[in-house]
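If you want the building blocks of each chain, they are given just below.
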Amino acid sequence: MSEKPVVHFDVTDGIGVITIDYPPVNALGPGVADGIIESLEKGEADPNVKAFVMIGTGRSFIAGADIRGFGKGRPKPKKRTYDVLDPCSKPVVAAIHGYALGGGLENALACHYRIAVPSAKVGLPEVLIGIIPGGGGTQRLPRVVGPKAALDLIISGRHVPAPEAKDLGIIDEVIDGDDRDALLAAALDYAKKVADVRPIPRVRDRSDRLSEATQDVFDAKRKEVARKTRGQPAVENAIKAVEAAVSEPFDDGIATERRLFGELETSDEAFAMRYAFFAEREIARLPGMPKKIETPEINSIAVVGAGTMGGGIAMSFADAGLPVKLVDASPEVLEKGLERIKANYATSVKRGSLSQDEMDDRFGRIKPVQQMEDIGDCDAVVEAVFERMPVKKEVFAKLDEVMKDGALLLTNTSALDIDEIANVTKRPDAVAGTHYFVPANVMKLLEVVNGTKTSRETLAAAMKLGRDIGKISGYAGNCDGFAANRSRAPFNIEQGLMIEEGALPEQVDKVMVAFGYPVGPCAVNDMSGLDVSYDTRKRRAAADPKYRGLPITDRLVELGRKGQKTGAGWYRYEPGDRTPHVDPEVHKIIKEVAEEQGFEQREFDDTEVLHRLLFSSINEICKILEEGKAIRASDADVMWLNGFGFPRYRGGPMYWGDTVGAMEIYNQIAAWHQRYGERWKPSALLREVAKSGGKLRELKSDISL
Ligand code: T1G
């Protein structure tokens with residue numbers, strides 16, 4: 001329990017003000033619920049108190065239950081705030097700024113009125129951590145917004161901006177001011193206004209909207225979410241809980257919700273998703289960095305290169321409200337790049353995820369520029385030109401000339417040597433890698449690569465810049481493939497080699513889809529194009545006779561089977577349809593190349609396919625940590641979750657590895673080392689953690705920055 005009180009209660013002009021004071025986000029931590037209950041009981045007993053206001057200190061209302069306490073056998077509370085707020089004999093006004101999420105919104109819904117500042121956000125994000133709302137949210141929200149909208153909000157877990165929440169009926173009033181003082185003043189006035197209104201409006205008594213739900217609303221939702229939420233029991237339980245809101249009296253519905261919640265808190269999925277939640281916050285911490293480090297203000301950005309990556313990167317900044325200059329020497333490329341950006345925004349507008357005004361604002365922030373001289377005033381520049389070192393060097397030499405002092409010089413290279421790029425400038429301390437993942441405006445992962453001469457200020461600024469545009473910045477040291485792609489490379493190699501050894505592409509994909517990936521790796525190859533790395537393989541084979549490449553993939557490319565874009569790759573595609581179809585022609589090609597190359601073919605069982613792919617990457621993550629090219633194993637998990645679509649309810653490769661056990665993984669890798677040679681040499685760190693009985697997910701490198 002924290003020493004200082006976490007809830008304050010004072011009476012102002014006959015209004016009892018309950019203030020939650022549990023930084024940083026007013027989670028319902030130890031003592032908060034009891035403090036709210038005590039304040040209500042005190043105010044109820046005080047004849048001078050006519051009504052209540054409930055508000056948070058700092059930057060938020062209540063951000064939800066204290067997730068840190070979950071899964072640790074929490075003591076059952078004697079009373080819950082929802083059960084004291086709802087029947088309170090005096091009206092309670094919830095005053096919301098920042099966030100009212102999970103238990104925060106549930107407390108607000110148990111209040112009798114809700115007002116908010118325009119920038120506030122509300123939501124029930126519990127399914128994102130593998131559980132469901134457990135404080136009445138599945139019963140009250142459908143009574144306010146209707147069952148269909150409630151299902152959408154609970155299953156998406158999305159944060160709803162206050163104006164939209166008002167339109168939905170969750171919020172009664174959005175005030176003019178956007179700061180906490182204005183909110184408190186408005187809430188006090190509102191409370192005085194409603195103090196004598198009777199009957200006091202209680203959400204539990206509202207059932208008019210429940211009749212909107214017929215069974216097909218629930219069946220349609222089940223069908224809609226089936227593919228995307230496979231393996232997540234919380235989603236089905238959430239649907240069941242909302243069904244109970246429609247079919248059962250309120251108190252029975254609450255009991256049903258509690259039962260369905262109780263099934264989930266200690267589920268494997270919930271443990272994994274809570275781990276992911278905290279790992280995504282831990283990744284921001286750079287060991288050895290001073291707590292407070294001066295980083296330059298970034299208010300203007302330039303992106304060099306108007307290709308697919310450059311366009312996506314420019315969108316990331318424009319989406320975050322920053323003005324962007326998009327540079328390309330070729331007017332045609334620049335024009336095409338702008339058209340691609342506009343088309344991307346138009347698709348979002350068509351889908352309804354963006355309004356036309358928002359699209360216009362965002363697109364309006366992107367200014368096309370042809371001369372590098374015109375970007376010198378920008379606070380930071382991101383280079384996103386061809387992945388060829390001579391081209392990068394030329395661009396950075398020019399940037400060094402034109403960019404103002406103190407500007408960040410960032411490269412989006414996915415594997416090239418940051419030091420070699422930095423060394424063409426007179427300011428290598430201002431150079432860092434910021435590696436975006438395709439599509440750059442969607443993928444949350446941003447890999448920030450630390451060059452030998454990158455200053456701490458530049459590193460900290462690049463990490464912060466990623467977070468400021470809503471991404472998850474992850475540290476990587478400078479090496480081939482940095483951390484994310486380097487850890488993924490063995491997976492890709494094993495995928496190709498297993499197909500040479502007899503595993504069919506459809507078997508590899510079936511195994512990984514069953515594991516939880518939305519799409520299998522071969523189908524993904526067909527999407528990105530089998531020819532993408534063909535040239536690289538050919539260049540490497542020419543330079544290094546020992547390099548064996550991937551002859552089967554190369555043959556597919558040489559036969560024009562480049563993937564979806566040519567109607568055939570690992571799979572066959574009907575015109576205008578992206579559905580992969582198994583193609584006997586591919587089986588024939590595999591056989592032919594195997595005979596030519598003398599590859600022995602055999603049957604594979606599914607477990608071997610899964611283990612060959614994931615154990616190889618787990619081993620590589622251990623090597624990356626040993627070399628200090630990543631900070632912690634959980635960072636690698638965050639990169640796989642947010643860069644490679646690893647199923648979230650499995651936590652990440654290292655978290656999942658612990659469900660198999662480090663010793664079992666080590667022994668299997670040691671056996672494959674005997675059978676397949678050098679590429680399966682077990683990492684020393686893996687051997688150590690296996691022998692010590694430790695956890696893969698807790699491994700850390702010893703770098704200090
Ligand atoms: N519990 C414990 N710690 C939390 C927390 C929570 N609910 N939310 C945030 N933190 C910590 C976080 O780990 C970080 O710690 C710091 O606060 C700042 O967070 C009964 C059962 C509110 C949108 O899922 O989405 O209610 O790293 O870096 O980017 O039905 O935090 O500083 O040590 O994310 O400004 C439902 C989870 C819970 C909300 C703010 N609520 N939180 O984002 O800051 S379950 C949630 C968030 C529940 C009820 C059920 C975000 C945020 P540290 P941050 P931010």
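Please read all numbers here as calculations on a predicted model, not as lab measurements.

A. A look at the site of the ligand. Close to the ligand lie 30 residues, the nearest being Ala65, Glu106, Gly134, Arg281 and Arg285. Ile67 is positioned with one of its backbone polar atoms (N or O) 2.9 Å from a nitrogen atom of the ligand. A distance of 2.8 Å is found between an oxygen atom of the ligand and a side-chain nitrogen or oxygen belonging to Glu126. When isolated, the ligand has an accessible area of 1,000 Å², and the protein chains bury 79% of it. Among the secondary structure elements, those contributing two or more residues to the shell around the ligand are β5 (64-65), β7 (99-101), α3 (103-110) and α11 (268-282). Among the elements that line the shell around the ligand, the one with the most residues is α11, at 3 residues. In terms of residue class, the shell around the ligand is made up of 17 nonpolar, 6 polar and 7 charged.

B. Fine view of the nonpolar core. Formed by 88 residues in total, the largest nonpolar core has its most connected members in Ile36 and Ile170. Within the second largest apolar cluster, 86 residues are counted, among which are Met443, Phe604, Ile669 and Ala690.

C. Highlighting a negative patch on the surface. A cluster of acidic side chains, namely Asp357, Glu358, Asp360 and Asp361, defines a negative patch on the protein surface. Checked against the element boundaries, Glu358 lands in helix α14 (residues 356-364). For Glu358, a relative accessible area of 36% gives the class partly exposed.

D. Structural detail: the pattern of salt bridges. Considering all chains together, one arrives at 49 salt bridges under this definition. Of the charged contacts in the structure, one is a salt bridge between Arg612 and Glu494, with a shortest N-O distance of 2.6 Å. Within this pair, whereas Arg612 is found in helix α24 (residues 606-626), its partner Glu494 is found in helix α18 (residues 484-500), the two being separated by 118 residues in sequence. Between Glu494 and Arg679 there is a salt bridge, and its shortest N-O distance comes to 2.5 Å.

E. A look at the domain arrangement of the chain. Split by domain assignment, the chain resolves into domain 1 (7-266), domain 2 (301-480) and domain 3 (504-510 + 517-603). Its C-alpha centre places domain 1 at a distance of 40 Å from the equivalent point of domain 2.

F. The arrangement of helix α4 (residues 137-145) in detail. Most of α4 is tucked away: 9 of the 9 residues are buried. Within α4 the residues assigned to the buried category are Gly137, Thr138, Gln139, Arg140, Leu141, Pro142, Arg143, Val144 and Val145. On the buried face of α4, the contacting elements are α2 (81-85), α3, α5 (147-156), α6 (162-168), α9 (233-247) and α10 (250-262).

G. Expanded view of the sheet that holds strand β2 (residues 15-20). Taken together, 6 strands build an open sheet; the order of strands is β1-β2-β4-β6-β8-β11 and the sheet is mixed. Pairing within the sheet leaves two strands with one partner each, and these edge strands are β1 (7-12) and β11 (173-174). The pairing of strand β8 (residues 113-116) with β11 spans 2 bridges and is classified as parallel. What sits directly across from Ile115, in β11, is Glu173. On top of the sheet, helix α1 (residues 32-45) reaches β1, β2, β4 (51-56) and β6 (92-96); it is set at about 20° to β1, its chief contact.

Basis of the calculations
- Position labels on residues start from 1 in each chain and follow its written sequence.
- Local features are withheld for residues below a pLDDT of 70 in this predicted model, meaning they are given only at 70 or higher, and side-chain atom pairs are given and counted only at 80 or more; totals for whole chains, interfaces and linings count all residues.
- Based on all heavy atoms of the structure, the side-chain values leave hydrogens and waters out of the count.
- Note on terminology: near, applied to a residue and a molecule or strand, indicates that one of the residue's heavy atoms is within 4 Å of it.
- We define a polar contact as two N or O atoms separated by no more than 3.5 Å, with the added condition that, inside protein, one atom must be a possible hydrogen donor and the other a possible acceptor, whereas residues neighbouring each other in sequence contribute only through side-chain atom pairs.
- Accessibility throughout is a Shrake-Rupley quantity obtained with a 1.4 Å probe, and a residue counts as covered only by protein chains that appear here.
- Each helix corresponds to a stretch of at least 4 residues labelled H or I by DSSP, and each strand to a stretch of at least 2 residues labelled E; elements are numbered beginning at the N terminus.
- Lys, Arg, Asp and Glu make up the charged group, whereas Ala, Val, Leu, Ile, Met, Phe, Trp, Tyr, Cys and Pro make up the nonpolar group; the residues left over, Gly among them, are polar.
- Buried Ala, Val, Leu, Ile, Met, Phe, Trp, Tyr and Cys residues form a nonpolar core when they are joined through side-chain atoms within 4.5 Å.
- Each residue gets one of three labels from its accessible area relative to the maximum for its type: buried under 20%, exposed over 50%, partly exposed in between, using a 1.4 Å probe on protein chains only.
- Patches here: salt-bridge-free residues with over 30% relative accessible area, like charges joined within 9 Å, nonpolar side chains (Val, Leu, Ile, Met, Phe, Trp, Tyr) joined within 5 Å.
- Any Lys or Arg side-chain nitrogen found within 4 Å of a carboxyl oxygen on Asp or Glu counts as a salt bridge.
- Charged residues are defined here as Lys and Arg on the positive side and Asp and Glu on the negative side; His and the ends of the chain fall outside this count.
- To locate a charge, take NZ of a lysine, CZ of an arginine, CG of an aspartate or CD of a glutamate.
- Throughout the structure description, domain borders are defined by an automatic or database domain assignment.
- Two residues form a contact once any of their heavy atoms are found within 4.5 Å.
- Two strands make a pair as long as DSSP finds a minimum of two bridges between them.
- Note on method: axes are straight lines fitted to C-alpha atoms, helices fitted across the in-contact stretch only, with angles between N-to-C directions ranging 0 to 180 degrees.

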